[in-house]
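# Observations on the three-dimensional arrangement
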Amino acid sequence: MKLPIYLYGSKVLRENAQEADLSDREKLTQLIADMEETLASADGCGLAAPQVGVPVRVLIVDGRDLTDAYPYLKDFKRVMINPVVVEESRETCDYSEGCLSVPGIYAEVRRPERIRVEYLNGDFEKVTEEFDKFACRMIQHELDHLDGKMFVDRVAPIRRKMISKKLMNISHGKISAHYKTRLD
Ligand code: NI
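Let me begin by describing the structure that accompanies this report.

Reading the values: the criteria
- Throughout this document, residue positions are counted from 1 along each chain, in the order its sequence is written.
- Where totals are concerned, whole chains, interfaces and linings use all residues; where local detail is concerned, this predicted model gives features only for residues with pLDDT of at least 70, and gives and counts side-chain atom pairs only at 80 or more.
- The side-chain values count all of the structure's non-hydrogen atoms but skip hydrogen atoms and water molecules.
- Whenever a carboxyl oxygen of Asp or Glu lies within 4 Å of a side-chain nitrogen of Lys or Arg, that contact is scored as a salt bridge.
- Numbered from the N terminus, helices here are DSSP runs of H or I no shorter than four residues, and strands are runs of E no shorter than two.
- Only protein chains enter the accessibility calculation, which uses a 1.4 Å probe; a residue is then buried when its area is under 20% of its type maximum, exposed when over 50%, and partly exposed in between.
- A donor here means an N, O or S atom no more than 2.8 Å from the metal, or no more than 3.2 Å when the metal is Na, K or Ca. Since water is not included, a site may seem to lack partners.
- Pairs of strands are assigned from DSSP output, requiring at least two bridges between the strands.
- We call two residues in contact when some of their heavy atoms are within 4.5 Å.
- What the bend at a residue measures is the angle between two axes, fitted to the seven residues ending there and to the seven starting there.
- For helices, the fitted line uses only the C-alpha atoms of the stretch in contact; every axis is such a line through C-alpha atoms, and the angle between N-to-C directions lies from 0 to 180 degrees.

### So, the pattern of salt bridges
Evaluation of the coordinates by the stated rule reveals 18 salt bridges. Between arginine 111 and glutamate 97 there is a salt bridge, with the nearest N and O atoms lying 2.8 Å from each other. With arginine 111 in strand β6 (residues 107-112) and glutamate 97 in strand β5 (residues 92-97), this residue pair connects regions lying 14 residues apart in the sequence. Here glutamate 97 falls in the buried class, since its relative accessible area comes to 3%. Look at the salt bridges and you will find they share partners, linking Glu87, Glu91, Glu113, Arg114, Arg116 and Glu130 into a network.

Right under this line is the structure:
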């Protein structure tokens with residue numbers, strides 16, 4: 001089922017998401033299927049459960065539509081349940097980010113270049129994996145959502161000032177997006 005995406009300004013996006021309850025796999029599997037459907041129909045490359053109003057630690061990333069810019073993302077898709085960053089590089093890099101909860105705004109953000117993450121995949125198998133380049137960036141962006149953070153919190157102050165009006169408009173629902181949105 002396609003779900004509405006909560007916009008910047010919604011309380012659920014600022015919560016510290018709970019660990020996913022592994023005793024109810026059926027419910028989690030359904031949530032993941034709904035998130036995948038929602039992400040695909042919104043043409044996004046990543047979605048965290050809080051963005052569909054469910055404050056639990058589940059995220060998906062899908063780079064398969066980004067292969068023009070990043071050919072190595074050809075087969076890149078991950079489902080992560082209860083992900084934990086166990087290592088991050090001291091080296092940082094800058095990429096422009098956007099977010100389905102913040103339509104129409106893109107801004108450069110600096111983050112660690114590489115991370116190692118422990119998580120359960122969509123089959124509930126434990127995985128430890130290292131990511132770099134844009135794959136790493138997509139995951140870091142979604143991980144932030146699980147801690148109630150958003151990429152616009154991390155942009156340089158001068159840029160932040162430039163987008164503040166737009167952010168205000170989004171938080172009042174004054175935007176147009178080609179997918180269904182909601183504010184709480
Ligand atoms: Ni986002």
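### Some remarks on the coordination of the nickel ion
The protein atoms donating to the nickel ion are Cys99 (SG), His141 (NE2) and His145 (NE2), with metal-donor distances spanning 2.1 to 2.2 Å. All donors to the nickel ion come from one chain, and their sequence spacing reads C-x41-H-x3-H. Residue cysteine 99 is located in the loop between β5 and β6, and its partner histidine 141 is located in helix α2 (residues 133-146); the two are separated by 42 residues in the primary sequence. Per residue, the accessibility class of cysteine 99 equals that of histidine 141, and both read buried.

### A short note on the pairing of strand β8 (residues 126-132)
Burial of β8 is one-sided: the residues Val127, Glu129 and Phe131 facing one way are buried, the residues Lys126, Thr128, Glu130 and Asp132 facing the other way are not. Direction of pairing for strand β7 (residues 114-120) relative to β8: antiparallel, over a ladder of 7 bridges. Note that in β8 the partner of valine 117 across the bridge is glutamate 129. As consecutive antiparallel partners, β7 and β8 are separated by 5 residues, and within that stretch phenylalanine 124 has a phi angle of approximately 65°, a positive value.

### Some points on the environment of aspartate 132
Within the secondary structure layout, aspartate 132 lies in strand β8. Contacts of aspartate 132, omitting those with residues within four sequence positions, involve Glu113 and Arg114.

### What about helix α3 (residues 157-171)?
Side chains of residues three or four places apart in an α-helix project in the same direction, reflecting 3.6 residues per turn. Taking the largest bend as the criterion, α3 deviates by roughly 45°, centred on isoleucine 163. Those residues of α3 that sit buried are Ile163, Leu167 and Ile170.

### Describing the sheet that holds strand β4 (residues 77-88)
Read from one edge to the other, the open sheet built from 5 strands follows the order β2-β3-β4-β7-β8, with strand pairing classed as antiparallel. Here the strands that pair on one side only, and so sit at the sheet edges, are β2 (46-48) and β8. Here the strands of the sheet are splayed against their neighbours by 40° on average, with no regard to which way each runs. Sitting on the sheet, helix α1 (residues 25-42) touches β2, β3 (58-62) and β4, and the angle it makes with β3 is about 35°. Set on the sheet, α2 makes contact with β2, β3, β4, β7 and β8; between it and β3 the angle comes to about 155°.

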